[in-house]
Amino acid sequence: MAAKLEYIWLDGYKPTQSLRSKTKIEKDFSGKLEDCPEWSFDGSSTEQAPGGSSDCILKPVFICKDPQRRNGYLVMCEVLTSDGNAHPTNGRAMIDDDDNDFWFGFEQEYFLWNPETNKPLGFPVNGYPAPQGQYYCSVGAKNAFGRNIVEEHLDVCLDAGLNVEGINAEVAAGQWEFQIFAKGAKEAGDQIWIARYLLERIGEKSGVSINWHCKPLGALDWNGSGMHANFSNSALRTAGKKEIYDTICEAFRPVVAEHIKVYGADNELRLTGKHETASIYDFSYGISDRGASIRIPLATVERGWYGYLEDRRPNSAADPYKVAARIVKTVKSAVVD
Ligand code: ADP
Ligand code: MN
Ligand code: MN
Ligand code: MN
Ligand code: MN
């Protein structure tokens, strides 16, 4: 039977890359990644190649079922240049984690958005809804907006085999979060991108768009959106003492600029020191501190310094591949013994 393979990749737009995809029909498809052929696309339409030599290559790297499409599969791809090298826009190729020692849990926040009013779901056409406070983890038609989309997205992600760990309504009206955990930095990035793709596609059905911007309501007193990166490697998981956590956290201090560079566009609007964030210009870490750049979860300390760290700075529009690549690089630079 003919299978529908949706090849998904990231375009070359700056400062924020977007999802692109197209369908490939394969007869007698096995369902396996190794049987997904390489493909090509017009890179001159995605800011990835000049018109005169426009072909870019799609290299399949992750596959899962497409639960919403008959005989469908979702195929995440890396973009290669026509000579077969990683394209400069290919963040996944930057990840240096061959043994999958790094585990990542991303908390993806986003707004469900009405493209006609250009406001979140739950916002009236004129003026504002009640100030934030009543929306976080809420229930009821005056508090939680767009749950049908969120629920459908959760079901579809689980049916696809993505490792979603939870969802919750967030602090602003129309704002939600899902969490995905995976062992291996590349796998975590693949799953986040597929989940973003599914959310966008589900929103299409009711004319709701997904706003990934980190501060879509500007400087008003509404929370922005983050993508907290929870991470561990074997050093953090088996540490057993505070000093190892201090050493790894301190490795982040001299490379603030390098991290912020890949933590998403316009992050200075969000990392203000208010709304459970640290200032973009500072670096701090602390136990249970949601106003720090990096939080050491209390449970990690209570277990005797076995666990993980949470970098709270990546924003909702950041590329999880680039975030993970940078965290892996910094953690590996820390000398722990
Ligand atoms: P909070 O909102 O309190 O910051 P969440 O429950 O939304 O926390 O997210 C915590 C994330 O941490 C989860 O996605 C989970 O998968 C992840 N996590 C837990 N343990 C580890 C670990 N050892 N390494 C990496 N991530 C982890
Ligand atoms: Mn054509
Ligand atoms: Mn969370
Ligand atoms: Mn959150
Ligand atoms: Mn968090």
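Above this text you will find the structure in question.
Each chain has its residues counted from 1, following the order in which its sequence is written. For naming, the first written chain is A and the first written ligand is 1, with later ones following in the order written. Local features in this predicted model are restricted to residues of pLDDT 70 or higher, and side-chain atom pairs are both shown and tallied only at a pLDDT of 80 or more, whereas totals for entire chains, interfaces and linings draw on every residue.

Draft legend 1. Summary view of the sheet that holds strand E1 (residues 3–10). Across the sheet, which stays open at both edges, the five strands sit in the order E2-E1-E5-E4-E3 with mixed pairing between neighbours. Edge positions in the sheet fall to strand E2 (19–26) and strand E3 (39–42), since each has one partner strand and no second. Strand-to-strand twist across the sheet, computed as the mean angle between neighbouring axes with direction ignored, equals 40°. Here, any two strands with at least 2 DSSP bridges between them count as paired. Numbering of helices and strands starts at the N terminus; helices are DSSP runs of H or I of at least 4 residues and strands are runs of E of at least 2. Pairing analysis gives four bridges linking E3 to strand E4 (residues 55–65), with the strands arranged antiparallel. Every axis corresponds to a line fitted to the C-alpha atoms, with the helix fit spanning only the stretch in contact, and the corresponding angles, defined between N-to-C directions, vary from 0 to 180 degrees.

Draft legend 2. The arrangement of the site of ligand 1 in detail. Any residue whose C-beta atom, as placed from the backbone, lies within 6 Å of a molecule or strand is termed near it. Among the 15 residues in the neighbourhood of ligand 1, the closest are listed as Gly105, Phe181, Asn230, Ser232 and Tyr308. Where the shell around ligand 1 is concerned, the elements lending two or more residues are strand E6 (103–114), strand E9 (175–183) and strand E11 (227–232). Of the residues contributing to the shell around ligand 1, the split by class is five nonpolar, six polar and four charged. Asp, Glu, Lys and Arg are counted as charged, while Ala, Val, Leu, Ile, Met, Phe, Trp, Tyr, Cys and Pro are counted as nonpolar; the rest, among them Gly, fall into the polar class.

Draft legend 3. Highlighting helix H1 (residues 147–160). Helix span, as expected, comes to 1.5 Å for every residue beyond the first. With 14 residues, H1 extends 20 Å between its outermost C-alpha atoms, agreeing within 8% with the 20 Å of an ideal straight helix rising 1.5 Å per residue. Neighbour density around each residue's C-beta defines its exposure: 20 or more other C-beta atoms within 10 Å make it buried, 12 or fewer make it exposed, and counts between make it partly exposed, where C-beta atoms are placed from the backbone. Of the positions making up H1, those classed as buried are Val150, His153, Val156, Cys157 and Ala160. End-on, the buried residues of H1 take up no more than an arc of 130°, which puts them together on one face. Exposed and oriented more than 90 degrees from the buried face of H1 are Asn148, Glu151 and Leu158. Elements that come into contact with the buried residues of H1 comprise E4, strand E5 (72–80), strand E8 (164–169), E9 and helix H2 (185–205). At the exit of H1 stands glycine 161, carrying a positive phi of roughly 90°. Summarising the geometry, the arc corresponds to the directions from the helix axis toward the C-beta atoms. Two residues qualify as being in contact provided that their C-beta atoms, derived from the backbone, are within 7 Å of each other.

Draft legend 4. Inspection of the environment of phenylalanine 29 at higher detail. Along the polypeptide, phenylalanine 29 turns up in the loop between E2 and E3. We classify phenylalanine 29 as partly exposed; it has 17 C-beta atoms within 10 Å. When near neighbours in sequence (up to four residues on either side) are disregarded, phenylalanine 29 contacts Ala3 and Asp35.

Draft legend 5. Examining the pairing of E9 more closely. Pairing geometry for E6 and E9, over nine bridges, is antiparallel. By the bridge assignment, glycine 105 is partnered in E9 with phenylalanine 181. As paired strands, E8 and E9 are joined by five bridges and run antiparallel to one another. The residue bridging asparagine 168 from the neighbouring strand is glutamate 177, located in E9. If you look at the hairpin formed by E8 and E9, you'll find five residues sitting between the two strands, and glycine 174 has a positive phi there, around 80°.

Draft legend 6. Broad picture of the packing of helix H4 (residues 242–252) against helix H8 (residues 320–333). The contact between H4 and H8 brings their axes to 8 Å, and the two run at 125°. As summarised for this structure, H4 and H8 are arranged oblique, according to the angle between their axes. Crossing handedness for the pair H4 and H8: right-handed. When H4 is examined against H8, the residues Ile248, Ala251 and Phe252 are found in contact with a partner set consisting of Thr330, Val331 and Ser333. When the residues that make up the contact of H4 with H8 are grouped by side-chain class, the tally is four nonpolar, two polar and no charged. Oblique is the label for any angle not under 35 degrees, not over 145, and not in the 65 to 115 range, which are roughly parallel, roughly antiparallel and roughly perpendicular in turn. Handedness of a crossing is defined here by the sense of rotation of the near helix relative to the far one, left-handed for an anticlockwise turn of less than a right angle and right-handed for a clockwise turn.

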